[in-house]
Structures are given as structure tokens and as C-alpha cells.
Amino acid sequence: MQLPVTDKPTVNSITTTVGEYLVSQLKAVGVRHVFGVPGDYVLDLMDVIVESSIELVGTCNELNAGYAADAYARLNGVSALCVTYGVGGLSVVNALAGAYAEEVPIIVISGAPRTSAKGNNLLMHHTTGDYNLQLSILEKVTVAAVTLTNAEQAPAQIDRTIAACLRYKRPVYIEIPADMVAQPCTMPLSFERPNPVVSDVQALNEAINEAVEWLENSEHPVILAGVELHRYGIQKKLHQLVEITGYPITSTLLGKSSISELHPQFIGNYVGALSRDYVKNRVETADCILCLGAIMSDTNLGGYTAQLKESQLINANSLKVKIKHHYYSPIDLGDFIDGLIAKLSRKSSESLDIQPAAELLSKSFEVQPEQKITNARFYERMNHFVGDNSTVIAETGDAIIATIDLLIHADTRFIGQAFYMSIGYSLPACLGAALARRQNRVILFIGDGSFQMTCQELSTIIRLGLNPIIFLINNDGYTIERMIHDGSYNDIQPWKYHQLPQVFGESLSCQVRTEGDLEKALEMAAKNRDKLCFIEVHLDRFDCCETLARLTQAVRRN
């Protein structure tokens, strides 16, 4: 892929080192924390990070560092990851694959053996003898990858690679040999951010005109919001479009929290047959669906149960607009929305059949203290618990499906891997999210099987004094897999989960079996906002949300 170029040439004037320049550029683009694990090839670079204003966050392993960086980037706009060669760099590949799939901008930095070792073909530890192996692998899950080999060329290579990360909203890779860190180089006067997509004016105008004509003549339009509204920071444009047109709005699972879900025009999340009946019918019977920034993946669309016909669809993404069989490119998504805002008129609410999702909160939750807690009652209670200024994270499995109708309030963000769906993602993601927005308390929903994959990062959360509320949903194994096809391979060793936080450090924890227990746990969490609160919720083995049962049936058929 061709890397973006900047309009202004750089002027060389100040001498620095390659390592110092790299760290200064991380800071320049807004990175405040770097996640990673030490190793001898990267220790000198880590010293440079530690001496800077950026905080180096050591995690328990490299995969967890990748997941943490992923969530951090979703909230901060960009993140960075620093690992050693081979055993470190190859350990993060799964996390980077998820970030690549879901358009998450991560700057991945790996130390490497000294250039002399590579030149002499020495068999160094953490290598296979092939010094191009890691680069060739990381190229598959990044939009730009480079090995720094010349100190004077390094600043330009670093700038181009970081620019690609910001432009394409996907991971990039920078490999820096250990002996390159302290080598002197000349610093450009400034880092020029990549130019945004420049819309073709004629294509843009034609797309806007065709879309406006269709929308103005439609009787039952609906807006379907996708994840690129988050990635490109254009949620405010979406909100303005919603306000001006009066249209009902829904979102994909990846696009969840693109707008406050208490907005009077928000009707709920559309996830194909997994949606509430009203949402499904309202979207699929619309005579025009304005789809903005959505990734059309299987689980994001309810296991491909979504019924979105081309004859109904205006599909706008970060680079192009497709209207029925007409393609317009290149078009910036923000420019397209601006054009719609300028030309669309408001439709009367009476004709639009809007049933606000906020009506789900109209019925109060009546606690039955002695009643055994169930999946349905737990998430019903959560809808009355989650409020403003939070970050909600849902793990792959029952949790992400059960939270489809969990209403996300103003100034609250939702994070879930609704496309790549890597089990174990969410606990390290909790670490990254808590650091990205310390003013927002993280609320995490994670299953027992997922927790066992990455549980050690709980210790890092406690070490850093972070204060998430973690709901460990203990239903005795891999419930999502049981619902697809049960077998002994879905069994896991039962842990005393609520005791683990005390092993790792200072925290509060408890276990919940009844609705009365849950109320006491929620009171504990509300009163103790300065520390981690870990709540183990016991559910029966096959007690999952009805929506998950429908999804797994669809998976079995496909």
C-alpha cells in the first residue's frame, strides 16, 4: 500500500537519536501510555520511554499488551505497543489481526537483534535464523511495516509509518535493531499529520444529490450507524444529521454508542434476527436505509441474518459511497454527511414510526431478594445500573450478545469485538480503556471461560490503582460453544473466581447467587469508586440470553 505523503517538506535542523525521535513522535500524535513487556532487544528503547513523559505500562504478557493497546486506541484515537523480537513480536499477532479487522490504529514497535548480527547471519536467541520472518508476518496484519536500518533515514520512515496508522486507522509496525536506538539522526522541524481523504468533488456532489433525492422521496427512511463513525471521530456530524432530519437511528453492534442510546430517535441496535422484533422489522421494511460507516461482517449483522437489500441501501464508508449499483469514490465519509446535512429537510415524526429504545427503561426493576439470579434478570438490572460517564466492555460470547439492548448513555462508550471475536480480549481491554479515559469508570462483563485465558492482567489493573467494576459471569464453561455443539471440550476447571483479586492485590470482591446478593454487590461498587470491584455472578450452565440461542442456531446452519 502506498503511504500518505504530506504537503510540506520537512526541514532538518536538530540532532537527536533514533529512539528519542520515535518516542517524541508517539507523544506528538497523542500517545500517553505505551503497553509492553521487556526483553533484551528492546530495553534501551524502553529506557528512552521511561525517561519521557509517556508512561510505560508493563503487562503480564505480550498478547494482553496487544488487547490493552487495542481498547486504548478505540478511546484515545491511537495507541502504541513495545515488545522484544520473536517471542514478543509474534505473540501479539492475534491481537493485531483483531485490530486490523476492526480498524483500530496501533503503532507496534519491536526491538530486534543488532544490525551486525543480522549482517553476519548469527543464530541469535528469539530468532529462527530468518531475520525477515517477523517483518513478513507483521506485514499481513498491518497497513505499513518497516525495519529501521539507517539512522538518517529513520525519521522519515517513522513519520510515514505513523502517518499510515492515523490515515488508515489500522496497525503499523516499526522494527528497531538494538544498536539503532542511540544512533544520532536529524530531527525534522515538525511532524505533518497525513492529509485526509480528498473527496472527488464531482463524485461527492453526484453521490449527495442521488442520496438526497432518494431520501427526500422516501416515506420510512432509517439511519444505520457503523463503527467508522467512532474511528474517524465524526459522531458529532451523525448527531447533527439525526437532529436535522428527524430520522430514526439504529446502529450495528460494532457501531454501538455512536449516539446516546437514550436519544428520542434511537430505536435500538440492529443485529439482524438478533435484534428486538420492532428494530428488525423497522429496518428491514424501510424504503431507504442510510448506512454510515458499517463493516458488513457476519456477527456484526447477526450471523448474516440481516436482510439489507441493495434496493433499500445507501452504503457510505470511509472511502466510497454505494447507492444501489452506483459507486462513488474517493469520498470522505464526513464530507458526505456534511452534504446530507446541508440539503436534507426534516420529516414529521408521525410518519416515521419511531419507538425509542429508551422506553426499555420505563418499567422499573423490582428486586426479588430471595430469587436465584438468572441471565435475563441480571441484564435487565444492568440496564438500570449503567449510567453516564462509563466505558462498557462486553466479552465475546453471551456477554456481547446480551448487551445488544443494554442502553448506552451520553458520554459512555461501548467496546466489544463484534467482528473478530477473540475470546479473552476484554480483560486486558479493560486495562487499556481505564487508562485511556480515567474519568470514566469501566464496567466489564466477562465469562468464566474467557477470564481464564487472560486473567493475570487483573494484577496489572490492581497495581495501577484502576477502579473498574468487573462482572464475572460464571456459567461453568464455554457456554457459547455449548450452544453451538456441546462436548467435554467445553468444560473448564471451576475456579473460586471471587477470591482471585485478593491474591493479586488490594481490591473488593464478592459472589452473587440471588437478586438480593446482586443489590448488595452493586451498593459496594457504587460506594467504592476508588478501587477495583470484582463481582462473581453464578448462573446455570445453559442459562444464556435467548438471542445467543438464535445466533448459535444460525451458526450451526452456516
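Rules behind the numbers
- Residues numbered from 1 in each chain as written.
- Predicted model: local features only at pLDDT ≥ 70, side-chain atom pairs only at ≥ 80, totals over all residues.
- Heavy atoms only, no water.
- Salt bridge = Lys/Arg side-chain N within 4 Å of Asp/Glu carboxyl O.
- Helix = DSSP H or I, 4+ residues; strand = E, 2+ residues; numbered from the N terminus.
- Buried < 20%, exposed > 50% of the residue type's maximum accessible area, 1.4 Å probe, protein only.
- Pairing = 2+ DSSP bridges.
- Axes fitted to C-alpha atoms, helices over the stretch in contact; angles between N-to-C directions.
- Contact = heavy atoms within 4.5 Å.
- Expected span 1.5 Å × (residues − 1).
- 1 Å grid on protein atoms, 1.4 Å probe; cavity = no way out; pocket = protein on both sides within 12 Å on 5 of 7 lines; lining within 4 Å.
- Points joined across faces, edges and corners; volume = space filled by probe spheres on them.
- UniProt positions renumbered as here; feature names shortened; annotations may be inferred.

### Considerations on the pattern of salt bridges
Enumeration over the complete set of coordinates arrives at twelve salt bridges. The shortest N-O distance in the salt bridge between Glu284 and Lys280 comes to 3.0 Å. Placement of the pair is Glu284 and Lys280 together in helix α11 (residues 277-284), with a separation of four residues, close to one helical turn. For Lys280, a relative accessible area of 21% puts it in the partly exposed group. Via salt bridges that share partners, Asp70, Arg74 and Glu102 belong to a single interconnected network.

### A closer look at the sheet that holds strand β6 (residues 144-147)
Read across the sheet, six strands follow the order β3-β2-β4-β5-β7-β6 without closing on themselves; strand pairing throughout is parallel. With one partner strand each, in any of the chains shown, β3 (55-58) and β6 form the two edges of the open sheet. This sheet shows a mean twist of 20° between the axes of neighbouring strands, independent of strand direction. Pairing of β6 with strand β7 (residues 172-177) involves four bridges; the strand directions are parallel. Bridge pairing in β7 links Ala145 to Tyr173. Along the sheet face, helix α7 (residues 154-168) touches β5 (106-112), β6 and β7 and points at about 155° away from the line of β7.

### Brief notes about α7
In this model, α7 (15 residues) spans 21 Å end to end at C-alpha, consistent with the 21 Å of a helix rising 1.5 Å per residue. Within α7, twelve of the 15 residues are buried, which leaves it mostly tucked inside the rest of the structure. Turning to α7, its buried residues are Ala154, Pro155, Gln157, Ile158, Asp159, Thr161, Ile162, Ala163, Ala164, Cys165, Leu166 and Arg167. On its buried face, α7 is in contact with α1 (18-28), β5, β6, β7 and β8 (184-188). Taken from the residues just after α7, Lys169 is the one with a positive phi, measuring 55°.

### Notes on the layout of surface pockets
Its volume calculated, the largest pocket comes out at about 630 Å³. Surrounding the largest pocket, 23 residues form its lining, Ala376, Tyr379, Glu380, Ala402 and Asp405 being those nearest its centre. Of all the secondary structure elements, the ones that give two or more residues to the lining of the largest pocket are α13 (375-382), α14 (398-402) and α21 (546-557). Among the elements that make up the lining of the largest pocket, the one with the highest residue count is α13 (four residues).

### Here we look at the UniProt feature "binding site: Mg(2+)" (unreviewed entry) in the chain
Mapped onto the present numbering, the UniProt feature "binding site: Mg(2+)" (unreviewed entry) falls at Asp448, Asn475 and Gly477. Position of Asp448 among the secondary structure elements: in helix α16 (residues 448-454). On the basis of relative accessibility, which here comes to 2%, the residue Asp448 falls in the buried class.

### Let's talk about the pairing of strand β9 (residues 221-225)
Within β9, five of the five residues are buried, which leaves the element mostly enclosed by the surrounding structure. Neither face of β9 is left uncovered, since the one carrying Pro221, Ile223 and Ala225 and the one carrying Val222 and Leu224 both have all their residues buried. In terms of strand pairing, β9 meets strand β12 (residues 288-292) through five bridges, oriented parallel. Residue pairing in the sheet places Val222 in a bridge with Ile289 of β12. Pairing of β9 with strand β10 (residues 249-251), which is carried by three bridges, proceeds in the parallel orientation. If you follow Leu224 over to β10, its bridge partner there is Thr250.

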